[in-house]
Amino acid sequence: MNNTHINIAVLVSGRGSNLQSVIDNIENGTIPNASVSLVISDTKDAYAMERSKKHGIDAIFVDPASYPEKAGFESKILQLLKDYNIGLVLLAGYMRVVGPTLLDPFKDRIINIHPALLPSFPGLHGQAQAFDHGVKVSGCTVHFVDEGVDTGPIIIQKCVPVLEDDTQETLASRILEQEHKIFPEAVRLFVRGKLIIEGHKVRIVE
Ligand code: GAR
């Protein structure tokens, strides 16, 4: 049993419902030995920042427009992660590709939630890409972040059916329901030291 407390930072760009699912699972005791210590947004008015404040969590807007290069923007984030003694970074609807400035110091310690069954439909609008392609099942994926776009080792996936009368919106909301389950579950496993990365595979040791 791993009892070390982990400070989590969550990077967001918008609504923050996946952030909320992690906060809720920490508050109700499902994820022990962890706290969301910091939320960083690249978007000024992201609703995720409001959610953070309601739970007494520091939420900081880092303006990408203030930095001519991505490395400068990520250096600012890295400094905040160090200031808050962060051990795990979550990307929860964070709409940027993470570069080496953050990836190298946080190797195997950055986790992303993606709204499609990777390796299909990476990048933006995964739900819409899947819907437009006409797949009969879609879903969501939680994975470690590597240097590619949604290419890192997969931790958990969940399928949902695509129904005849679905729209992009109804499919996205069916997927989101599952995101709110598997994202906190992956965090719980990480915090308990149950995720072993072997090459491109993640072994879950319960
Ligand atoms: C979620 O569906 C998440 O999977 C997706 O953005 C949404 C954010 O919602 N992420 C990506 O598409 C990343 N490429 P939320 O802000 O309510 O968590």
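As a starting point, this report considers the structure included with it. (Residues numbered from 1 in each chain as written. Predicted model: local features only at pLDDT ≥ 70, side-chain atom pairs only at ≥ 80, totals over all residues. Heavy atoms only, no water.)

## Some words on the pattern of salt bridges
Moving on, step 1. Scanning the model with the defined rule gives 5 salt bridges in all.
Moving on, step 2. Across the pair Glu198 and Arg203 runs a salt bridge, and its minimum N-O distance is 2.9 Å.
Moving on, step 3. For Glu198, a relative accessible area of 40% gives the class partly exposed.
Moving on, step 4. In this structure Arg203 comes out as partly exposed when scored by relative accessible area, which is 41%. (Salt bridge = Lys/Arg side-chain N within 4 Å of Asp/Glu carboxyl O. Buried < 20%, exposed > 50% of the residue type's maximum accessible area, 1.4 Å probe, protein only.)

## Thoughts on the site of the ligand
Moving on, step 1. Taken together, 13 residues are adjacent to the ligand, and Arg15, Gly16, Ser17, Asn18 and Glu179 come closest.
Moving on, step 2. Measuring from an oxygen atom of the ligand, one finds a side-chain N or O atom of Ser17 at 2.6 Å.
Moving on, step 3. Glu179 is positioned such that a nitrogen or oxygen atom in its side chain is 2.7 Å from an oxygen atom of the ligand.
Moving on, step 4. Contact with the protein chains removes 92% of the 450 Å² of surface that the ligand exposes when unbound.
Moving on, step 5. Contributions of two or more residues to the shell around the ligand are made by helix H1 (17–27), strand S5 (110–114) and helix H6 (168–191). (Near = heavy atom within 4 Å. Polar contact = N/O pair within 3.5 Å; in protein donor to acceptor, adjacent residues only side chain to side chain. Areas by Shrake-Rupley, 256 points an atom, 1.4 Å probe, with all protein chains shown as cover. Helix = DSSP H or I, 4+ residues; strand = E, 2+ residues; numbered from the N terminus.)

## Let's talk about the nonpolar core
Moving on, step 1. Formed by 44 residues in total, the largest nonpolar core has its most connected members in Ile8, Val10, Val36, Leu90, Ile111 and Ile155.
Moving on, step 2. For this core, the element with the highest residue contribution is H6, accounting for 9 residues. (Core = buried A, V, L, I, M, F, W, Y, C linked by side-chain atoms within 4.5 Å.)

## Some points on helix H2 (residues 47–54)
Moving on, step 1. By the burial criterion, the buried members of H2 are Ala48, Met49, Arg51 and Ser52. Taken down its axis, H2 places every buried residue within 160° of arc, on the same side.
Moving on, step 2. In this structure, the buried residues of H2 make contact with strand S1 (6–12), H1, strand S2 (34–41) and strand S3 (58–61).
Moving on, step 3. Downstream of H2 by a residue or two, Gly56 has a phi angle that is positive, lying close to 70°. (Arc of directions from axis to C-beta. Contact = heavy atoms within 4.5 Å.)

## Examining the pairing of S3
Moving on, step 1. Where S2 lies against S3, 4 bridges are found, and the strand directions are parallel. Residue Leu38 lies in a different strand from S3, and its bridge partner there is Asp58.
Moving on, step 2. Handedness of the crossover joining S2 and S3 through H2 is recorded here as right-handed. (Pairing = 2+ DSSP bridges. Right-handed = clockwise from strand over helix to strand, strands pointing away.)

Read these as layout, nothing more, since geometry by itself doesn't imply function.
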